[in-house]
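# Coordinate inspection notes
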Amino acid sequence: MTDIDNLTVEEALTELKRISKEMAKADIAYYQNDDPYLTDAEYDALKRRNELIEAKFPELKIADGPSKRIGAAVKSEFGKVEHKIPMLSLGDIFSESELLDFTSSVNRFLGNETDNQITYSAEPKIDGLSFSARYEHGKFVKGATRGDGKTGEDITENLKVIKDLPLTLSASDVPDVLEVRGEVYMSKADFLELNAKCEAEHKKVFANPRNAAAGSLRQLDANITKERKLSLFVYTWGDVSDIVWKSQSEFLQKVRDWGFKTNPYNRICHTSTDLMNYFNYLQEERADLPYDIDGIVYKVDDLALQNRLGFLTRTPRWAIAHKFPAEQAFTKINNIRIQVGRTGALTPVADLEPINVGGVIVSHATLHNEDEIKRKDIRIGDTVVIQRAGDVIPQIVRVLTEKRPADSQEFIFPHTCPMCGAHAIREEDEAVRRCTGGLTCPAQAIERLKHFVSREAFDIEGLGAKIMEEFYNEGIIKTPVDIFTLEKRNRRLRDDLFAAIDDGSIYLESREGWGKKSVENLFNAINNRRKISLPRFIYALGIRQVGTATSLLIAKHFSSFNAFEQDMLKSDTAKLLEIDGIGEAMVKDIVEFFAEEHNQRIIQKLLEQVNVEDFVDTADYSSDLAGKTIVFTGTLEQMTRAEAKAKALSMGAKVAGSVSKNTDYVVMGADAGSKATKAQELGVTILSEAEFLNMCQ
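I will try to describe carefully the structure that is included in this document. Quick caveat: nothing in here was measured; it's all calculated off a predicted structure. (Residues numbered from 1 in each chain as written. Predicted model: local features only at pLDDT ≥ 70, side-chain atom pairs only at ≥ 80, totals over all residues. Heavy atoms only, no water.)

### Some thoughts on the sheet that holds strand β24 (residues 685–688)
For clarity, the cut-off: The criterion for strand pairing is that DSSP finds at least two bridges linking the strands in question. Each helix is a run of DSSP H or I of at least 4 residues and each strand a run of E of at least 2, with the numbering of both proceeding from the N terminus. A fitted line through C-alpha atoms represents every axis, and for helices the fit uses only the stretch in contact; the resulting angles, taken between N-to-C directions, go from 0 to 180 degrees. Contacts are assigned to residue pairs with any non-hydrogen atoms lying within 4.5 Å of each other.
Strand order across the open sheet formed by four strands is β22-β21-β23-β24, with parallel pairing between neighbours. Strands at the two margins of the open sheet, each flanked by one partner only, are β22 (654–656) and β24. Strand-to-strand twist across the sheet, computed as the mean angle between neighbouring axes with direction ignored, equals 35°. Where strand β23 (residues 665–668) lies against β24, four bridges are found, and the strand directions are parallel. Residue V666 lies in a different strand from β24, and its bridge partner there is I686. In the packing of helix α23 (residues 674–682) onto the sheet, the strands contacted are β21 (629–633), β23 and β24, and the crossing angle to β21 comes to about 135°.

### Points about the packing of aromatic side chains
Quick reminder of the rule: Each aromatic pair joins two rings of Phe, Tyr and Trp (for Trp, the six-membered one) with centres within 6.5 Å, and gets the label stacked for planes under 30 degrees apart, edge-to-face for over 60, and tilted for any other angle. The buried label goes to any residue with under 20% of its type's maximum accessible area, the exposed label to any with over 50%, and the partly exposed label to all in between, with areas taken from a 1.4 Å probe on protein chains only.
Inspection of the entire model under this criterion finds 25 aromatic pairs. On the numbers, 4.4 Å between centres and 20° between planes, the contact of F452 with F458 is stacked. The burial state of F452 is the same as that of F458; both residues are buried. Plain terms: the ring middles of F471 and W514 are 5.9 Å apart, the flat faces sit at 35° to each other, and that makes the pair tilted. One end of the pair, F471, is in helix α13 (residues 465–473); the other, W514, is in the loop between α14 (480–495) and α15 (516–527), and 43 residues separate them in sequence.

### Focus on the nonpolar core
How we decide: We call a set of buried residues a nonpolar core when its members are Ala, Val, Leu, Ile, Met, Phe, Trp, Tyr or Cys and they connect through side-chain atoms within 4.5 Å of each other.
Counting residues in hydrophobic clusters, the biggest one holds 76 residues, and the most contacted among them are F471, I483, F561, F564, L576, I590 and F692. The element contributing the most residues to this core is helix α20 (residues 584–595), with six residues. Setting aside residues no more than four positions away along its own chain, L576 makes contact with I554, F558, F564, M568, I582, V587 and I590. Among the nonpolar cores identified, the runner-up in size contains 35 residues, and Y135, F206, A212 and F251 belong to it.

Written as structure tokens, this is what we have:
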């Protein structure tokens, strides 16, 4: 990246346009979709570079560039709320020297000769979602997000269900019109509880408390917001009919008296030294706070002085945000090991000398892939700088090569699976190397077994995740075939308790918590799935890239499993490539799956146990969805994503994985991401889950 001092006018303009485009994209991800892809540090670096280039080339400022924007436009699903007084953002500083520049500029503007003539209110900067709440005659009437600063999203009903927000103010001195502003957040404890629940329900987990708070508050259904534990602090005001306070600190005391919560760590400071001492103190306390903060906001306390100081283009002269640096620490890599996922992806993980990073003991860090290891030249024994990306995910920032041991050796990424010894291959256009061991790889086996019995596959009641793990670890079920031989093996031991059978046999009735009835129910559930539809069977095999929608497309095209299998064994891909929605990369994965001998052995043994029905197309091609291309995004509430796709296909629709100009509808659930944004950009019709279901009737 060219140093700013060496930029030509043409290069500076190109760079400003690049930064503006990248930050606009990041703003939509952060403010609209609650799914940021840049860390705070990365975003701040772009912002700072933009400011420095604009300072050197002021004539090149872009009219709608980052220095002119606040947040992002509201999403179309929410009602709009015009802010009578704009919700402006604050300028950022990152060092003590910049803090001194801020206080000096305040004193110069006011004509003060010394640094002790101004009182400042210093307040922790909560990492949450900004809101405004309007009260008329003591009654809460309207709530909104910041939005783009001028127009926010109507979240009135969602704010009503947050316990920290009083719905009625009874104090006699409350102004007839009072708009308070603050931050909605989720505590660290409530965040962990929510993610644990999401994991248990096989839903997408949130990256950090800020995303969880924003995603929970910006729900179209307030009942979902109510289920999630949100909190809030008030820190300023907007439209007020009668301002009955003379300072920021007096305002905070007033709203506390009226029943609002304010941050207990707010402080009054009188000098730059006081402010810096408080910054250092809070930085040390940060890890122990029950909520996330990313800096401190300094405000001139006196309102009369605030009014004299006024505003710059989009930020006040009397306030600034002092951001904390990214949480980093130094530690040593004790080992690099390879984890194998359900789809066979080999992921390198660094085992670290345990270290406290931002209040969390970090002992492992993902290394992403072999290219990342090579790029950073990461080796066992290296001393490294660890950072929690977005204050959540541990990552290695850099290697301190000057501390590298003399006998250090380059890490060689394995080309065989460390668990089963099968080839681990890497496609030309992929960064990930994958094990080809398939169903016999022990690292993949448990997750593949869970997939095999999942709702969209064989849907065997009684074989939940916990039971499947127990059965696998105890040798009772090692492959999908073992599920269908379990009853026979169990009967052999039941009839001869003293039989010496060493084939994974187990007398289930003797297990703790099991009895004759529960065992009978399990075997009935298994036997009821000995006949299975062709799409379910194909999906249950767990072939990479083959989901429920693709399984149905394959079933429609081949009609029988035998026809499909024979073509794949002959590597005859012509018929597969005829199917709309199946490309060469997917075909390659399917062919390679059938080419593995151990996969073939398991399939043949399965076919001895189950009857795979030929496919009969029952889709309703007269429905409103027939022939339409649909994309699903976000978490659905009334059904799983797989069920929704199957429903759409049964109505004669096509299901795609990405949004394009050929997409007819995007069905949006909670916590929708970039697909919803792309749909808006292309003018594609967005449906709620309820609207989609109505069209299916």
